[in-house]
Amino acid sequence: MAFPVNKGDSSSSFTHQCIYDVFVSFRGEDTRNNFTSVLIGILCHRGINIFLDNEHLRGEEISDKLFKAIESSRISIIVFSKNYAFSTWCLKELVKILECEKKGQIVLPIFYKVDPSEVRNQKGKFGEALTKHETKFKDKREVQKWRIALHEAGNIGGWHCKKDHPQFTLIKEVFEVISRVKLNYTKIFDVKYPVGIDSRVEDINLHLDIDSNDVRMVVIHGLPGIGKTTITKSIYDLIAYRFEGSIFLENVKENSRTNDGKRQLREALYSEILGGRTLKEFGAIKRINMRMEMPQHKRILIILDDVDKLIQVTDLLGECNCFASGSRIIITTRDEKVLSTLQEDYHLTYYNYRLKELDKHESRELFCQHAFKENKPKKGYSELVDQFISYAKGLPLALKIIGSNLYPRDDICYWKSALDKYKRILNPDILEVLKISYDGLDQIQQDIFLNIACFFKGLSKDVVEHILQSCNSYDPYCDIETLKDKSLIVIAENGKLSMHDLIQQMGLEIVKQESKVSKKYKRLLCFDDASELPDTGLEEVEGITLCLPQPRNMQIDFRRMKNLKYLTLRNLICEDVKYLPNGLRLIDWNEFPLTSLPATVNLQKLVALKVPGSRIKLDEHFERCRLPALKHMDFAYCKNITKLPDLSVIAPNIKMLELKWCENLVEIHQSVGLLEALERWSLYRCRNLKIIPRILKLKSLQSFCLQGCKRRRKRLALPSSIGNLTSLQDLTIGSKYLNDLPSCFSTLPNLHFLYIEDFENFPKNLDFPDCFPKLKALVVWNCNLTTLPDISSRCPQLKRLFIENCCNLQKIPKLPSCMDKVEFAEKVGLPRNIVCPRGSPHRDYASETDFAHKKGFSFNIDGSVLIQGSKIPKWFNHQIGGSSISFSVSRKLLPSFAFCVVIQVQSKDRYKLTISAYCAINIFVDGYKGLRSHTKTFFPTPPPSSSYSYLWVFYIRDSSLEGIILNERTDVKLQFEISNYNPERAEITIKKCGVHAACMCSPQNSAADKVACIRIHERLKVSFDERLKMLLSRVAADVLPFKQKLGECSKAQDAYYCPLCEIAEDSVLHLFQCCPYAKGLWYGGRWGFRVEMIQAQSIMEFVERIIDPPMELLAERVNKDEFTLYAAVAMKILWDAREDALFSNTKASIDQLAHRLNKQYDSYVRSLGTTRGTEVQNSGSAWTKPTDQWIKVNFDASCDQENVGLALVLKDQEGNGRAIRRGININGKVGNAIGQTGQT
């Protein structure tokens, strides 16, 4: 028997007067020397504080001390045994216990070898005892109290310990319930606005996998102020009761600095883990360096918060391979790699989890909760709120501090002034937290971090490493990795260095403070148009960053800056530059104003020259330059360049050569083809290019782009020596005006990525077997192709195929074996002529398809095609609007699934060629949430303010479901998600989805059911969410999976009983109408509906009442459409909760479910463009359930299948109130607010 326990703190005064965890009432002669002694012994060993009902407290009457003990206990356990009722002491205890229950005490009855009905109805021995007492006592009222108490206690849900029932299992369940209750009043997690916490806790819990028996460690890392401690406290509160011992140790880094601190940490840890015993009892209290072994028989949870060194963990935990099976260790750190060796050194399952920043919606809600004490901005503040959110960049610490500082200011001018100040001066409280990671660096690492913040942000990691190596004379790779591990910098997918804006502001603030103290300028930073360079101290300057908001003339005397190494300039017009310091390593000057470098420069140490969009011509002055250390040259968008000179003399060690959009570039010197160090070379959109090197001996070249060279008169020929590029890995070619590829092109031995664009036909020289033996990805873009060659033989190692904007493509032949040899036919061909039992014709299953089966429940996206269009082909046998779809399969027809998703891309004013997105699929099998598969894809961007629709077609291998599809009929649900990496460019939404599978969906044999489902769709509004429509239809058709036992279910879980309440048979009607959880959810929601008012004898009738609710249920508070939407969301919440309880063994409280209901309902309302529903619009309503800020009355009630709740009349001081005839309490306290107006 499981008891749902409220996770919220009790506000009852009863909680604060408790001394004991548990009071045990039992009949000594029945159970003292057997069951009760074992129960008490185990609970005491697990750290439960128990008051024992010893006989020395008893006399003619129960003493005041015993009554006091009952009143001072949070939980009372009543062990009903055969002779319990013969003891007047026991009966008086029982009456007192039930009195305390009404004040908030939790009562847990155990029916030890007696039937609960005997207690409830005073039958058998209990009847004999009460008859005997009636004979003995003249005052019948006392005996009547005992009868009432026994009847009430018999109706309380508890445990029935039969003769054949394993007592240890029962006692274990009792302990879990007590632990959950104890966790409520000892909870360490207390945050006022828990925005974004639930989703992150859920992600981490997937890694923890509490039900598995391995020893598992999860290391949570992320930015300072990201919420690592808050999240782990929430996890502790959620799962601690599932372990035999648990502890949360805060500030491990701080407390480990002294011997006393180490001893206190160790004492606290082992006191909890060893069941209340201390190290002193083991004679170890003074041995600082001693490491204790963990008890191998005890399943424990340990959370170590804020660790920055491996030794802090090993000192506390000792040998990690000594933990008992099922133990969990969670560690928070700012350093991603500090604990990575634990994975190899110890025998445990290790996960690294990076805590991500809040998204825009979460940031907005959290900020508004602190700034306005509500979850949305006040009128007129929305734009300012967005600016603050943009400034904080999803960092919870910043959102909380700034929001709290702005409350309760109702002054837009004040807000604008505060925003300007925050942008210029970092808040001291935020700075203090962020700076902790910086303070943990050594001197060189601090210097590197400050240089990245001031000069190198946005540069390639390779460029920065070469610059720093030139300055420091050693490879800085290890230092940059340290900065990354501490979340101070981020290395993006394209290899560029980045950092959170507030981390960068912290760095700039440190530089500013250092300059004030030293009166010298080592790093000179100007971001304001009003800024002027200082007159003194320039001799010490090592770096300058001038990023002005508007173009401005300013003369800089570089002759005074002898130590200058880094020069980054934006919007600076300085046309009279005659000298640049010889020690420069970086020149990063967009729109460089000169046509050439100054004639007198001697830049022998220059590593990177970045002058995109400049006037530079690369004339004879540039040809005289000698730049032996130069490795990175960026001349992108330089329209004055017509010829690239002899770089073998000018910069013989060049590694990166960027020439994209040099529209007037005509000729490239032949020597460029002989640069042995060149690794990356781009000629993207060099429209007038005529001459390229005939001989290519670029032995180091890894990436080459020759795309968009659209000469009208003469085709550009690739040299035959392209086959010499043995190191080439990425190749991008594309032009209708490019001669056919040379024959040796296909001999590139290490090519991994090939991008072809604007080809009329697939290149002939690529159409023969094994032409690219190592090719992993092929992109075909904007080509006028009708078919592709047999890719399986041409590119046997191909993993990914992207075909985009190829509108005439009709056929894709076989894919390679590593992509499961799925053969597409016709346009994106799939098997033929399968007929779904629902009556839809499909194409049949390809018998020749050869699949490699693998164990485990995981899956991969193995091929994709992106085609412009909005209509899903008919051979996708299940189609639906929205982003999720459900169908049924059988183990006998174990299929691969093909999917088609309609994605709409709505562009904004800023036009870019492509946008990128993160596409993910979640798969559920009979409610079991499987692993998440994801991929990154690119979409062509429509012209500004227009939209395109795309069909994204892909497939998943069949081996994903082997071993999990166990029944003749198994329900599969697929949920598609898409995250836009470029929201400023376009909006991306999923409009429809379809699946092609060998399904065995339930036949619609009942014509009445079929008609009813059609009526449901017809009667609901067109704007009604399609996913909720489908849910109502599936509920009405009674095709949801019930009474099914899966191999993944716990053996202890009886799948035939409702996994939520566990007191009634699992059925659709019970889940949505009769289950105490359903009643609590409906009543605990925003409007306090009573679901029992929906009179329905069948699930179809229930759905009918949802769509056409009775007027007495609406009570003028909401209209019909609002109620239908609200009810459908409630049903979805209950269904999801049932799945979690059944498959994940996690059960949310009713309060949590009601919170989800309100939150998801608001989300659906917003998505439908509706404002009604979150506020009561009808001012004539007699009484409304107020918001959470109003006074609440907390009450308790017991329940069983027939009796739920109690009756109350609530009134305020003015006499206004409302009769509440049936309150619900299944999961702790449910508060119901008093309204200002109403009727009794």
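Source: prediction; values computed, not measured. (Residues numbered from 1 in each chain as written. Predicted model: local features only at pLDDT ≥ 70, side-chain atom pairs only at ≥ 80, totals over all residues. Heavy atoms only, no water.)

## Here's the deal with the overall build of the protein chain
Inclusion rule: Going along the chain from the N terminus, every DSSP run of H or I of four or more residues is numbered as a helix, and every run of E of two or more is numbered as a strand. Relative accessibility thresholds used throughout: buried, under 20% of the residue-type maximum; exposed, over 50%; partly exposed, between the two (1.4 Å probe, protein chains only). Between two residues, a contact is recorded if the distance between any of their heavy atoms is within 4.5 Å. Here the Shrake-Rupley method, with its probe set to 1.4 Å, supplies the accessible areas, and only the displayed protein chains count as covering residues.
In terms of regular secondary structure, the protein chain is built from 35 helices and 40 strands. Across the 1240 residues that make up the protein chain, the buried fraction comes to 54%. When contacts within the protein chain are restricted to residue pairs at least 6 apart in sequence, long-range pairs at least 24 apart make up 66% of them. Surface summary for the protein chain: the accessible area is close to 55100 Å², and the carbon and sulfur share equals 47%.

## Overview of the environment of I402
With respect to the helices and strands, the residue I402 is situated in helix α18 (residues 396–406). For I402 and A371, which are 31 residues apart along the polypeptide, the C-alpha to C-alpha distance reads 7.9 Å. In contact with I402, not counting residues within four places along its chain, are F367, F388, Y391, Y422 and I430.

## Details of the packing of helix α16 (residues 360–372) against helix α17 (residues 382–392)
Axis angle and axis distance: for two packed helices, these are the angle between their axes and the distance between the axes, and together they describe the pair. For clarity, the threshold we go by: To obtain an axis, a line is fitted to C-alpha atoms, over the contacting stretch when the element is a helix, and the angle between two such axes runs from 0 to 180 degrees between their N-to-C directions. Comment on the angle field: the value is read as roughly parallel under 35 degrees, roughly antiparallel over 145, roughly perpendicular from 65 to 115, and oblique elsewhere. Should the near helix be turned anticlockwise from the far one by less than a right angle, the crossing is termed left-handed; should it be turned clockwise, right-handed.
Direction vectors running N to C along α16 and α17 enclose 115°, while the axes themselves pass 10 Å from each other. Between α16 and α17, the angle falls in the class roughly perpendicular. Seen from above, α16 lies across α17 with right-handed handedness. For the pair formed by α16 and α17, the contact residues are K360, S363, R364, F367, C368 and F372 on the first element and S382, V385, D386, F388 and I389 on the second.

## Structural notes on the packing of aromatic side chains
How two aromatic rings sit relative to each other is set out by the distance from centre to centre and by the angle between their planes. As a reminder, the rule being used: Two rings from Phe, Tyr or Trp (for Trp, the six-membered ring) form a pair when their centres are within 6.5 Å of each other. A pair whose planes differ by under 30 degrees is stacked, one over 60 is edge-to-face, and the rest are tilted. Whether a charge lies above a ring is judged from NZ of Lys or CZ of Arg, which has to be within 6 Å of the ring centre and within 35 degrees of the ring normal.
Enumeration over the complete set of coordinates arrives at 30 aromatic pairs. Relative to F248, the ring of Y236 has its centre 6.1 Å away and its plane inclined at 80°; by these criteria the two rings are edge-to-face. Pair noted here: Y236 is in helix α11 (residues 228–239) and F248 is in strand β7 (residues 245–249), with a separation of 12 residues, a long-range link. The class of Y236 is buried, set by a relative accessible area of 12%. Under the relative-accessibility criterion, F248 is labelled buried at 12%. Their ring planes at 25° and their centres at 6.4 Å tell us that Y755 and W781 sit as a pair that is stacked. A residue pair is termed long-range when its members are at least 10 positions apart, and Y755 in strand β25 (residues 753–757) and W781 in strand β26 (residues 777–781) qualify at 26 residues. This pair shows no difference in class: Y755 is buried, exactly as W781 is. Taken together, the aromatic side chains of F367, F372, Y381, F388, Y391, W415 and Y422 make up a single cluster linked through ring pairs. The ring of F67 carries K96 above its face, with NZ or CZ at 5.3 Å from the centroid. Its guanidinium or amino end placed over the ring of Y414, R409 lies 4.3 Å from that ring's centre, counting from NZ or CZ.

## Observations concerning the side chain of E658
What counts here: By the counting scheme adopted, Arg and Lys are positive, Glu and Asp are negative, and His together with the chain ends is not counted. Each salt bridge in this description consists of a side-chain nitrogen of Lys or Arg and a carboxyl oxygen of Asp or Glu lying within 4 Å of one another. Within 3.5 Å is the distance limit for a polar contact, defined as a pair of N or O atoms, with the added protein rule that one can donate a hydrogen and the other accept it, and that residues adjacent in sequence qualify only through two side-chain atoms.
Here E658 is to be found in strand β20 (residues 656–658). It is K660 that comes nearest to the buried, bridge-free E658 among opposite-charge side chains, at 4.9 Å. Within polar-contact distance, the side chain of E658 engages the backbone nitrogen of K660 at 3.1 Å. Residue contacts for E658: discarding those within four places in its chain leaves M633, D634, F635, A636 and S682.

## A few points about unusual backbone geometry
Residue Y407 is joined to P408 through a cis peptide bond whose omega torsion reads 0°. On the secondary structure map, P408 appears in the loop between α18 and α19 (412–424). Even without being a glycine, N251 presents a positive backbone phi close to 50°. Following the sequence through the fold, N251 ends up in the loop between β7 and α12 (252–255). We classify N251 as partly exposed; its relative accessible area is 39%. The backbone of Y637 shows a phi angle near 65°, a positive value even though the residue is not glycine. Relative to the helices and strands, Y637 resides in the loop between β18 (632–634) and β19 (643–644). Y637 gets classed as partly exposed once you look at its relative accessible area, which sits at 44%.

## Description of empty space enclosed by the protein
For clarity, the threshold we go by: Lining residues are those with an atom within 4 Å of a point, where the points come from a 1 Å grid over the protein atoms alone and group into cavities, where a 1.4 Å probe fits but cannot get out, or pockets, open sets with protein on both sides within 12 Å along at least five of seven lines. Grid points are joined across faces, edges and corners, and a volume is the space filled by probe spheres set on the points. Basically, the charged four are Asp, Glu, Lys and Arg, the nonpolar ten are Ala, Val, Leu, Ile, Met, Phe, Trp, Tyr, Cys and Pro, and anything else, Gly included, counts as polar.
Within the structure shown, the criterion is met by eight cavities of 30 Å³ or more. Space inside the largest cavity adds up to approximately 140 Å³. Elements that contribute at least two residues to the lining of the largest cavity include exactly α10 (197–208), α11 and α18. Tallied by class, residues from the lining of the largest cavity come to 10 nonpolar, three polar and four charged.

## What to know about the layout of surface pockets
The computed volume of the second largest pocket comes to approximately 1100 Å³. In terms of lining, the second largest pocket is formed by 29 residues, of which the most central are K423, R424, L508, L525 and F527. At the level of secondary structure, the elements contributing two or more residues to the lining of the second largest pocket comprise α17, α19, α24 (501–518) and β13 (523–526). Of all the elements, α24 adds the most residues to the lining of the second largest pocket, at 10 residues. Among the residues making up the lining of the second largest pocket, the classes are represented as 11 nonpolar, six polar and 12 charged.

## Remarks on the nonpolar core
Our working rule: Residues belong to a common nonpolar core when they are buried Ala, Val, Leu, Ile, Met, Phe, Trp, Tyr or Cys residues joined through side-chain atoms within 4.5 Å.
Membership of the largest hydrophobic core comes to 97 residues, with the highest contact counts inside it found for W589, F635, W681, L683, L689, F745 and L754. Discounting residues that sit within four places of it in the chain, F635 has contacts with L609, V611, I616, L618, F622, I641, E658, L659 and C662. If you look at the next biggest cluster of nonpolar residues, it comprises 82 residues, including I210, I330, I389 and A398.

## Comments concerning the sheet that holds strand β6 (residues 216–221)
The strands making up a sheet associate through backbone hydrogen bonding, with each pair oriented either parallel or antiparallel. For clarity, the cut-off: Strand pairing requires that DSSP identify at least two bridges connecting the strands.
Pairing within the open sheet is parallel, and its five strands lie in the order β7-β8-β9-β6-β10. The open sheet has two edge strands with one neighbour each: β7 and β10 (349–354). In this sheet, adjacent strand axes meet at a mean angle of 10° when their direction is disregarded. Bridge count for β7 against strand β8 (residues 300–307) is five bridges, and the pairing is parallel. In the sheet register, F248 faces β8, and the bridge partner there is I303. On the sheet, α10 packs against β6, β9 (328–333) and β10 and is oriented at approximately 150° with respect to β6.

## Side note on the environment of S76
When you line up the elements, S76 lands in strand β3 (residues 73–80). Expressed as a C-alpha distance, the spacing of S76 and V22, which sit 54 residues apart in the sequence, is 5.5 Å. Setting aside anything within four residues of it in sequence, one finds S76 in contact with F23, I70, I97, Q105, I106, V107 and L108. One polar contact links S76 to Q105, side chain to side chain, over a distance of 2.7 Å.

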